[in-house]
Amino acid sequence: MAWSVQICCVANNNAILKRNLKSSPDVAKRRVPLSVIWGAKAASVAYREAIQAARAEIVVFAHQDVYFPEGWFSRLESVCERLSSADPSWAVAGLCGMTNEGEFVGHLWDAGLGAVCGGSFSSPRIVTSLDEVVLIVRRASGIVFDPALPSFHLYGTDIVLEAHRAGMKSYVVDLPVIHNSKAGVRLDKTYIAAYRFMVRKWRALLPLPTVIVRLTNNPWPLLLRRLRLRYKAIFRASTLRPMVESPELVARQLGFAKTLEDRA
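The structure presented is a predicted model; accordingly, all values stated were derived computationally and were not measured.

Visitor: Got a minute to help me understand unusual backbone geometry in this structure?
Guide: Negative phi values dominate among residues other than glycine, just as trans dominates among peptide bonds. Across the junction of Leu 206 and Pro 207, the peptide omega takes the value 0 degrees, indicating a cis bond. With respect to the element layout, Pro 207 can be found in the loop between α6 (189–201) and α7 (220–235). Not every positive phi belongs to a glycine, and Leu 154 is a case in point at roughly 65 degrees. Within the secondary structure, Leu 154 sits in the loop between β11 (134–138) and α5 (155–165). Its relative accessible area of 5% is what places Leu 154 among the buried residues.

Visitor: Please clarify how the pairing of strand β8 (residues 115–118) should be interpreted in this entry.
Guide: One face of the sheet, then the other: side chains in a regular strand alternate in exactly this way. In the sheet, strand β7 (residues 104–110) pairs with β8 via four bridges, with the strands oriented antiparallel. Looking at the pairing, Leu 108 lines up with Cys 117 of β8. Here β7 hands over to β8 after four residues, with Gly 114 in that stretch at a positive phi of 65 degrees.

Visitor: I'm lost on the pattern of salt bridges in this one. Help?
Guide: Side-chain pairs of opposite charge can arise whenever the charged atoms involved come near each other. Scanning the entire structure with this criterion turns up nine salt bridges. When the shortest N-O distance is used, the salt bridge between Arg 19 and Glu 245 registers 3.8 Å. With Arg 19 in helix α1 (residues 14–19) and Glu 245 in the loop between α7 and α8 (247–254), this residue pair connects regions lying 226 residues apart in the sequence. Of the charged contacts, one joins Glu 70 and Arg 31 as a salt bridge, the two residues approaching to 3.3 Å between their closest N and O atoms. Pair noted here: Glu 70 is in the loop between β4 (66–67) and α4 (72–86) and Arg 31 is in the loop between α2 (25–28) and β2 (34–38), with a separation of 39 residues, a long-range link. When its relative accessible area of 19% is taken as the criterion, Glu 70 is described as buried. In this structure, a network of salt bridges that share partners links the residues Asp 146, Asp 158, Glu 162, Arg 165 and Lys 201.

Visitor: What is the right way to read the side chain of Ser 129 from this model?
Guide: With respect to the secondary-structure elements, Ser 129 resides in strand β10 (residues 129–130). Here the side chain of Ser 129 touches Pro 209 through a polar contact of 2.8 Å, landing on its backbone oxygen. Excluding anything up to four places from it in sequence, Ser 129 contacts Gly 97, Met 98, Thr 157, Val 160, Pro 209, Thr 210 and Val 211.

Visitor: Would you explain α6 in this entry?
Guide: Note on helix geometry: an α-helix contains 3.6 residues per turn, so any two residues three or four positions apart are oriented the same way. Along its 13 residues, α6 runs 18 Å from first to last C-alpha, staying within 8% of the 18 Å computed at 1.5 Å per residue. Restricting attention to buried positions, one finds in α6 the residues Tyr 191, Ile 192, Ala 194, Tyr 195, Phe 197, Met 198 and Val 199.

Visitor: Before we go on, may I ask you to explain a nonpolar patch on the surface in this structure?
Guide: On the surface, Trp 220, Leu 223, Leu 224 and Leu 227 cluster together into a nonpolar patch covering about 390 Å² of accessible area. For Leu 227, the position within the fold is in helix α7. When its relative accessible area of 47% is taken as the criterion, Leu 227 is described as partly exposed.

Visitor: I tried to follow the sheet that holds strand β3 (residues 58–62) on my own but got confused; where do I start?
Guide: Strand pairing in a sheet relies on backbone hydrogen bonds. The paired strands run either parallel or antiparallel. Pairing in this open sheet of seven strands is mixed, and the strands run β2-β1-β3-β11-β5-β12-β9 from one edge to the other. The open sheet has two edge strands, β2 and β9 (125–126), and neither has a second partner. On the sheet, α4 packs against β1 (5–11), β3, β5 (92–94), β11 and β12 (170–172) and is oriented at approximately 125 degrees with respect to β3. Sheet strands in contact with α5 are β5, β11 and β12, and its direction is about 25 degrees off that of β11.

Visitor: So what exactly am I meant to see when it comes to the side chain of Asp 26 here?
Guide: For Asp 26, the position within the fold is in helix α2. Of the polar contacts made by the side chain of Asp 26, one reaches the side chain of Arg 31; its length is 2.5 Å. In contact with Asp 26, not counting residues within four places along its chain, are Arg 31, Val 32, Gly 71, Trp 72 and Phe 73.

Visitor: Sorry, what's going on with a positive patch on the surface here?
Guide: Where like charges cluster on the molecular surface, the positive patch consists of Arg 196, Arg 200, Arg 203 and Arg 226. Given the relative accessible area of 54%, Arg 200 is considered exposed.

Visitor: Before we go on, may I ask you to explain the pairing of β1 in this structure?
Guide: For β1, the buried fraction is high: seven of the seven residues fall into the buried class. Residues of β1 alternate between two faces, with Val 5, Ile 7, Cys 9 and Ala 11 on one and Gln 6, Cys 8 and Val 10 on the opposite face, all of them buried. Sheet topology note: the β1/β2 ladder contains five bridges and is parallel. The residue bridging Ile 7 from the neighbouring strand is Leu 34, located in β2.

Cut-offs applied
- Residues numbered from 1 in each chain as written.
- Predicted model: local features only at pLDDT ≥ 70, side-chain atom pairs only at ≥ 80, totals over all residues.
- Heavy atoms only, no water.
- Helix = DSSP H or I, 4+ residues; strand = E, 2+ residues; numbered from the N terminus.
- Buried < 20%, exposed > 50% of the residue type's maximum accessible area, 1.4 Å probe, protein only.
- Pairing = 2+ DSSP bridges.
- Salt bridge = Lys/Arg side-chain N within 4 Å of Asp/Glu carboxyl O.
- Polar contact = N/O pair within 3.5 Å; in protein donor to acceptor, adjacent residues only side chain to side chain.
- Contact = heavy atoms within 4.5 Å.
- Expected span 1.5 Å × (residues − 1).
- Patch = residues over 30% accessible without salt bridge, like charges linked within 9 Å, V, L, I, M, F, W, Y side chains within 5 Å.
- Areas by Shrake-Rupley, 256 points an atom, 1.4 Å probe, with all protein chains shown as cover.
- Axes fitted to C-alpha atoms, helices over the stretch in contact; angles between N-to-C directions.
- Lys, Arg positive; Asp, Glu negative; His and termini not counted.
- Charge placed at Lys NZ, Arg CZ, Asp CG, Glu CD.

Written as structure tokens, this is what we have:
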């Protein structure tokens, strides 16, 4: 079965978009359509409208600083086929997230860390939350983003929990990308607003693991995480890594860029 795919991206920096997402081979060669949303006030609002207007079977929501290596979308088709064979009602997949037991699962290279996060794994893993770097939504699941969620954070966790409430599962899959990001050095008021919204909305399920900090009624985990990031920004600034000029080169060096012939 051939899966139709389209990409949606909320963007605010054209230079970063051109260097990364738009330079991805399947995007640059127009093999996969890309819709860019400018001026969004919140990711969930923009992406809810995008998925409701979409016609493709699979909608990929990606950050502007993501580079999809050569062959990524061919491998995505194989992953969707495998997921649908094992779980015909799957809702959302992502590239890194947290299991219900609080275990990180994922595989991608992050420029801010200057390292690969996670590593290869064979089978898709069921997760409780997903990082927003790349979200893969099966449109037939009917799952949409909550427009009440403010800012640009935690919508990956929210849509996974929405799927769970509807009786559907979400997964992390092994499809590594280059996340050509700036190092995160603070959780600002926009993150706090999203965090507090999520605590109120999902209070009955707390605590819940996320890639950044656990969602809980207890204020200490968020406070400690903010303090650690502030310490790093002040006292360990020399360890922070810049974005790379050529995400394609990094992808090739890491073996992330693979054609179908490479996999045969």
